Amino acid sequence: MRLGSGAFAASCVAIEVLGVAIFLRGFFPASVRSSSRTGHQAEPPAPEPLAGASSNWTKLPLPLFSKAVIVLIDALRDDFVFGSKGARYMPFTTYLMGKGPSHSFVAEAKPPTVTMPRIKALMTGSLPGFVDVIRNLNSPALLEDNVIRQAKAAGKRMIFYGDETWVKLFPKHFVEYDGTTSFFVSDYTEVDNNVTRHLEKVLKRGDWDILILHYLGLDHIGHVSGPDSPLIGHKLREMDGILMKIYTALLTKERETLSPNLLVLCGDHGMSETGSHGATSAEEVRTPLVLVSSAFERKPGDIRHPTQVQQTDLAATLAIGLGLPIPKGSIGSLLFPVVERRPMREQLRFLHLNAVQLSRLLQENVPSYEKDPGFEQFVMAERLHGNWVKLHLKEDRSGALLNLGTKALILLLLSTPQVLHRRAELEVPLSPPMFSLLFYLMFLVLSAIHVVVCTSAESSCYLCSLPWLAAGGMMVLVSALLCVITSALAGMVMDSTFLWKSAAYPCSGWSEVGLLLLLGTVGHVLSLGASSFVEEEHQTWYFLVNTLCLALSQETCRTYFLGDDCELKHCFHTEPGTVGATCMQQDCTACEAPRAGQAGKGPWPSGARRGHVHWAVLAGPWLVLACCRLLRSFNHTGVQGAHRPDLGHWLTSSSHKMELSCLAALSLLMIFMLAQRGCSPMSKVALALGLVGVFCYRAAIGNLLFPWHLANRGISKGILEARFVYVFVLGILFTGTKDLLKSQVIAADFKVKTVGLWELYSGLVLLAALLLRPHNLPVLAFSLLIQTIMTKFIWKPLRYDVAEITVMHYWFGQAFFYFQGNSNNIATIDISAGFVGLDTYMEIPATFLTVFGTYVGPVLWAGHLAHFLSAEASSDSAMGRACFCYALICSVPVATYIILVTSLRYHLFIWSVFSPKLLYEGMHLLITAALCVLFTATSQTGHTRAWMKTDAGN
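Residues numbered from 1 in each chain as written. Predicted model: local features only at pLDDT ≥ 70, side-chain atom pairs only at ≥ 80, totals over all residues. Heavy atoms only, no water.

Student: Could you clarify how one ought to interpret the overall build of the protein in this entry?
Tutor: Within the protein, the secondary structure is distributed over 38 helices and 8 strands. Per-residue burial over the protein gives 56% buried out of 954 residues. Once local pairs closer than 6 in sequence are excluded, the contacts in the protein between residues at least 24 apart make up 76%. Counting only carbon and sulfur atoms, one obtains 63% of the accessible surface of the protein, whose full area is about 39700 Å². (Helix = DSSP H or I, 4+ residues; strand = E, 2+ residues; numbered from the N terminus. Buried < 20%, exposed > 50% of the residue type's maximum accessible area, 1.4 Å probe, protein only. Contact = heavy atoms within 4.5 Å. Areas by Shrake-Rupley, 256 points an atom, 1.4 Å probe, with all protein chains shown as cover.)

Pasting the structure below:
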C-alpha cells in the first residue's frame, strides 16, 4: 500500500506530538517537599533546646494575632503601592506605610508568575513546579501541607471571597465562600463588586478567624488596557477605600477583644509593561507585601523603608502569627520585623521552630545534609540557644546571658534562609526524563528497555503507570514509524536523491536562495542551545527574513539583467509539484526571463508593460524589506528591547486615540482590498460587514473613536458587536468548507477548490482582525501585502520549487509571530483575545481563541501556502510535498530542542528561559499537526478529482 507524503508527514507529526507530551510529563519536576504524610496526625513541635520536661516551651507558641484578614490584589505591582501611583491613588495605604503601625516589604515571586502557582507559594511556602502554568487553567486540589490546612486542623473558621482558584485548591476548607471566574478578563467591575458586597456584613460578625479576599479587577484591566490605562488609577483608589474600611473594622474589634489583629495586603504577581504576566521581568516578580497591626506601633521618628523578601516567607510568618505549625514543605523564613518587639526568648523560639522545620526538609532532600554550611550554622545556633535557655531558667540576668542570646539570635537568622537556599533554588530534584526521551528519540527498538526501566527504576515514569497492553501498543506504533523512516532514508540514499532538489535535471545544484534557506534553518535550530538566542529569537528571524529579501533581490537582478542560464533552473523543473511547470509544458523558451539586450523573449508582454513588470519584480524584495523594517517598529519584544518605546506604545496612549483610530480604519480597508480578491460575491459582502463590525467592537470597548462621535462615549464589553463579527466569520468559513467538499464531487471545475481555500483563509483573516489589538491591525495588513508582493513578483515569475516556497512561508510566519509582539516569555500571551465576545468563561472557546490570537502569523502564512500551491502548482502532489516539508522544518527544531533542554536541565535559566520556550514549541507542534491534516485533506480532494478524471477518460 502506498502512503502519500502528506499523510505520512501528518502521521509523523501526530506521533511526535504524543512524544513531546510524554517528554513534558517526565521533564517538569516535582517541587521540593516533605515526605511526611500530611493526612496523618500532626507531628509535635520541636522542643526548646535543653528546656527540660518541666518547661511549657515544648508546645507551639500562642497566636500573636486574634484575627487575620488577607487582601490579595491580583497583578498588584510594587510601584502601584510604593511608587507615584500609590501616593496619588492610595493615600490611606501610603499613610499606613509611612506613619502607621505597619511593616512593608517587596516580595519577590518566582516564575511562573501566574495566579495558581503564586497562591500555592503564599500558602505552602514552597516553589511550585513550572508545569503549574498549564494546571493554572484548571487547578486541582492542593495536597501539600499549607497554612489553610493547618488552620482548619486547629479549628479556625475561614471565609473566602474572590477568585475561585482558592476554592479549587482548598475544597471544603472554608465555612463560607463565594468564588468568581478568574479568566473572564473583560470584566473588571462586577468581579470585584461580588467580593466587596459581602464585606460590610462579614466585618460586623465575629464568627470567623481568617478572612481572605482576592480581587481580580486590576489584573483584568492590565490584560485589556495595560498598566498605563486610566482605569488603573480608579481601581487602586477603590482598593484603598476597601483597605480603609477593613482596617477601621479591625480596630473596632481590637477594642472589644483587647488583642491585636493582622491585615495583610499582598499581590500574587506583578504586571509587565504590556499588562500581562508569567515571565521574570522586574515588573512581574516584584509585588508589595504590607503587614498592618496595632502590635507594630512605631516610635516617633521611626522610618521604615520596604525591604526585599521572598514571597514564600509569608507562609512561615502567617503560621507563627496565628499559632500554627509551619507547613512541612515551606522554604520560607520568618519575617523578623513581625516579632522584633517580642521578648528575646520568644524571638529565639520562633526562629528555632522555623530553622528546625527547614533542617528537616533539608535532611529529607539532601543525602549529605551534614556538610551543608546552612545546617552547620543551624547546629551551632541550636547549641548556643540551648545554653541561653539554661542560663535563662537559672534566672541569670548578667551581660553574658544577653551576649549569648544575641549570638544565638544572629546565628538563627543567618542559618534560617541558608538551610535550603541552594537546594530550593538550583537543585530541584528531577524525575528522570530520559525514559520519556527514549520513547521519542530511540523509538524503543527493544521492548526489553521498557521492562528494565519499569521494574528497576526507583522513580516511576509515565509509561510505567500505563497498562502493559497500552504500553506495548505504543512501542509497536513507534517502532513501526522508525522502520518506515529508515526505509525511506535508505531508498533516498540508494537512489541518490535529495529532499529538496532533484539531481536528475540540468542546473539543479543548490542556488544561493536554496543554500540560504537550508543554512538559515539549520543555524536557527543550533541557536536554540544558547539562552540569549532563545530570549532574543525574534532577532534571528528578523535577520533571516531580511537576508532572504537581499538574496531574492540579487537573484532577480541576475535573472533579468545577467541572463545566467543556471538562474533559470526553474524553467526545467517539470516534475509534478513544481510551481510553474505548466508554463514549461506550453513553451520552455517562453519561460526564460529575457537576457540583457533580448527584448523579445520571456513570459511577459512586449513593450512598456513588460518593462514595468520587470521593474516591479526587481522592486519587490526591496519593498518587502522596507515593510519588514517598518513592522519591527510596532512592537519591541524580547528581553533587551521590550522596555524601549515603540509605535505600539505611542498609538495605545490615551492622547493618541484619534491617530490609532485613523490607522486602524485604513488598515481594515487595506485588509479588505487584499483579502476580497479571491472570494465569491457573497463572501466579499460578509468580509466587508465583518471588518466594519471589528471597528465597531473596538470603538465600543473604548480602544477607538467613531468618526461621527469624537468625544469619549460610554465603554461597554462589546459583546453584541463581537458576536456580529463571529456570524460573518462562521459564514465565510462555512462557504469555504462547502466549496472544498464540492470540489471532491465536481472534477471539471478546478476553481472551486481554489476559491474554497481562499475563503477559508479570508475567514481566518477576519477572525484575526477581531482578536488582534488595534495597534496590530497594520501588522495584519502588511502581512497580506507582503504575501501579495511575494506571490505576484517573486514566486510566480521565478517559479521556485515547492520546498523553497514552503520554507519561505515558514520563515515569514515565524517572523510575523514576533512582529505582533510575541516572544518566548509567557507574559506576552494576550489572553484577552480568548474572551472577545464572551459574557461568561467557557474553557474550550477561550483556549482556542487565545491560541489562535497568539499564533496568527504562522497559521495565516500556512493557509496562504495551501491556497498558493493549489492555484499555481501543476500537480496535486505539490500539496503533499509541501506538507512533508512543512512538517519536517517544524518538527526538527522541536526534536533538537528537547535534546538541548535535556542536556541543559541544570542550567541556571532552565525555568526562566528554556522551559517557556519548550511550552511554545509544544503548542507550535500541535498547531503544525492540525495544519498538516488540512494540507492532507486538501491533497486528498485533488486525488479524488484526478481519479474521477481518469475514470471518465476510461
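What follows continues from the structure just given.
Student: What exactly am I supposed to notice about the nonpolar core here?
Tutor: Inside soluble globular proteins, nonpolar side chains tend to come together where they are buried. Ranked by size, the top nonpolar core spans 130 residues in total, and within it Ile786 and Phe812 carry the most contacts. If near-sequence neighbours (up to four positions away) are discounted, Ile786 is found in contact with Val624, Cys627, Cys628, Leu631, Phe812, Phe816 and Trp861. In this structure, Leu142, Val147, Ala316 and Leu322 belong to the second largest nonpolar core, which totals 47 residues. (Core = buried A, V, L, I, M, F, W, Y, C linked by side-chain atoms within 4.5 Å.)

Student: Can you walk me through the packing of aromatic side chains in this structure?
Tutor: Any two aromatic rings considered together are summarised by their centre-to-centre distance and by the angle between their planes. Overall, the coordinates contain 20 aromatic pairs when judged by the stated rule. When the centroid spacing of 6.5 Å and the interplanar angle of 85° are considered together, the rings of Phe170 and Phe174 count as edge-to-face. Between Trp758 and Tyr761, the aromatic rings sit 4.9 Å apart at their centres with planes inclined by 40°, giving tilted as the arrangement. One end of the pair, Trp758, and the other, Tyr761, are both in helix H32 (residues 751-771), 3 residues apart, so they sit about a helical turn from each other. As far as burial versus exposure is concerned, Trp758 and Tyr761 are alike and both buried. Members of the aromatic cluster, each reached through a chain of ring pairs, are Tyr542, Phe812, Phe816, Phe819 and Trp861. (Phe/Tyr/Trp six-rings, centres within 6.5 Å; stacked < 30°, edge-to-face > 60°.)

Student: Can you walk me through the pairing of strand E2 (residues 102-108) in this structure?
Tutor: The two faces of the sheet receive side chains in turn, since in a regular strand these alternate between them. For E2, the tally of buried residues reaches 6 of 7 residues, placing the bulk of the element in the interior. Examined bridge by bridge, E2 and strand E8 (residues 307-310) share 4 bridges and lie parallel to one another. What sits directly across from Ala107, in E8, is Val309. (Pairing = 2+ DSSP bridges.)

Student: Any chance you could explain the packing of helix H29 (residues 657-675) against helix H33 (residues 777-798) here in plain terms?
Tutor: Axes are the key here: two packed helices are described by the angle between their axes and the distance separating the axes. Orientation of H29 relative to H33, taken along the N-to-C sense of each, is 30°, at an axis distance of 8 Å. With respect to their mutual orientation, H29 and H33 come out roughly parallel. In this structure, H29 meets H33 at a crossing whose hand is left-handed. Contact residues: Leu663, Ala664, Ser667, Leu668, Met670, Ile671, Leu674 and Ala675 in H29; Leu777, Pro778, Leu780, Ala781, Leu784, Leu785 and Thr788 in H33. Tallied by class, residues from the contact of H29 with H33 come to 13 nonpolar, 2 polar and no charged. (Axes fitted to C-alpha atoms, helices over the stretch in contact; angles between N-to-C directions. Parallel < 35°, antiparallel > 145°, perpendicular 65-115°, else oblique. Left-handed = near helix turned anticlockwise from the far one by under 90°. Nonpolar A, V, L, I, M, F, W, Y, C, P; charged D, E, K, R; others polar.)

Student: So what exactly am I meant to see when it comes to the pattern of salt bridges here?
Tutor: When the charged atoms of two side chains with opposite charge come close together, those side chains can pair. One pass over the structure, following the stated rule, counts 17 salt bridges. The salt bridge partner of Arg77 is Glu273, with a shortest N-O separation of 3.6 Å. Of the two residues, Arg77 is situated in the loop between strand E1 (68-73) and helix H2 (79-82) and Glu273 in the loop between strand E6 (262-266) and helix H13 (282-285); the sequence distance between them amounts to 196 residues. For Arg77, a relative accessible area of 5% translates into the label buried. For Glu273, a relative accessible area of 33% translates into the label partly exposed. Measuring nitrogen to oxygen at the nearest pair gives 3.1 Å for the salt bridge that ties Asp207 to Arg205. Here Arg205 falls in the partly exposed class, since its relative accessible area comes to 23%. (Salt bridge = Lys/Arg side-chain N within 4 Å of Asp/Glu carboxyl O.)

Student: I'm lost on the state of the cysteines in this one. Help?
Tutor: Here, disulfide denotes a covalent bond that connects the sulfur atoms of two cysteines. By the definition in use, this model includes 0 disulfides. With no disulfide partner, Cys932 has as its closest neighbouring cysteine sulfur the one in Cys883, 3.9 Å distant. Accessibility expressed as a relative area gives 0% for Cys932, which makes it buried. (Disulfide = S-S within 2.5 Å.)

Student: What am I meant to see in the side chain of Glu921 here?
Tutor: On the secondary structure map, Glu921 appears in helix H38 (residues 910-953). The exposure class assigned to Glu921 is buried, which follows from its relative accessible area of 6%. The residues contacting Glu921, other than those within four sequence positions of it, are Val894 and Tyr897.

Student: Can you help me understand the sheet that holds E1 in this one?
Tutor: Sheets are built from strands paired through backbone hydrogen bonds, the pairs being either parallel or antiparallel. Strand order in the open sheet made by the 8 strands is E4-E3-E5-E1-E6-E7-E2-E8, with mixed pairing throughout. Strand pairing shows two members of the sheet lacking a second neighbour, strand E4 (176-180) and E8, which therefore form its edges. Sheet twist, expressed as the mean angle between neighbouring strand axes with direction ignored, is 15°. Pairing geometry for E1 and E6, over 5 bridges, is parallel. Within the sheet, the bridge partner assigned to Val71 lies in E6 and is Leu265.

Student: When you look at the environment of Val525 in this model, what are you seeing that I'm missing?
Tutor: Relative to the helices and strands, Val525 resides in helix H22 (residues 512-527). Sequence spacing of Val525 and Thr896 is 371 residues, and the spatial spacing of their C-alpha atoms is 7.1 Å.

Student: Looking at this structure, how should I read a nonpolar patch on the surface?
Tutor: The grouping of Leu515, Leu518, Leu519, Val522 and Leu526 at the surface amounts to a nonpolar patch, some 450 Å² of accessible area in total. Along the polypeptide, Leu518 turns up in helix H22. The exposure class assigned to Leu518 is partly exposed, which follows from its relative accessible area of 30%. (Patch = residues over 30% accessible without salt bridge, like charges linked within 9 Å, V, L, I, M, F, W, Y side chains within 5 Å.)

Student: Please explain H33 as it appears in this structure.
Tutor: One turn of the α-helix equals 3.6 residues, which is why residues spaced by three or four share an orientation. With 22 residues, H33 should reach 32 Å at 1.5 Å per residue; the first-to-last C-alpha distance of 31 Å fits that figure. At Thr791, H33 is deflected by roughly 40°, the largest bend along its length. With 18 of its 22 residues buried, H33 lies for the most part within the structure. Trailing H33 by a residue or two, Arg799 shows a phi angle of about 50°, which is positive. (Expected span 1.5 Å × (residues − 1). Bend = angle between axes of the 7 residues up to and from the residue.)

Student: Please clarify how the packing of H22 against helix H34 (residues 802-819) should be interpreted in this entry.
Tutor: Where H22 contacts H34, the two axes come as close as 10 Å, and the packing angle between them is 50°. In terms of orientation, H22 lies oblique with respect to H34. As H22 packs across H34, the resulting crossing turns out to be left-handed. Between H22 and H34, the residues in contact are Val513, Gly514, Leu516, Leu517, Gly520 and Thr521 and Glu804, Val807, Met808 and Trp811, respectively. Across the contact of H22 with H34, the residue classes tally to 6 nonpolar, 3 polar and 1 charged.

Student: It is not clear to me how unusual backbone geometry should be interpreted in this structure. Could you clarify?
Tutor: Glycine aside, a negative phi is what most residues show, and trans is what most peptide bonds show. A cis geometry characterises the amide bond from Pro111 onward to Pro112, with omega recorded as 5°. Positive phi outside glycine occurs at Ala75, with the angle close to 65°. Here Ala75 lies in the loop between E1 and H2. Although it is not a glycine, Lys172 adopts a positive phi angle of roughly 65°. Note that Lys172 resides in the loop between helix H8 (165-169) and E4. Relative accessible area serves as the criterion here: at 76%, Lys172 is assigned to the exposed category.

Student: Even after reading the chapter, I still don't get the environment of Pro171, so can you show me in this structure?
Tutor: With respect to the helices and strands, Pro171 occurs in the loop between H8 and E4. Once the C-alpha coordinates of Pro171 and Pro140 are considered, the two residues, 31 residues apart in sequence, prove to be 9.6 Å apart.

Student: Please clarify how helix H5 (residues 115-124) should be interpreted in this entry.
Tutor: Among the 10 residues in H5, 10 count as buried, and that is most of the element. Thr115, Met116, Pro117, Arg118, Ile119, Lys120, Ala121, Leu122, Met123 and Thr124 are the residues of H5 that are buried.

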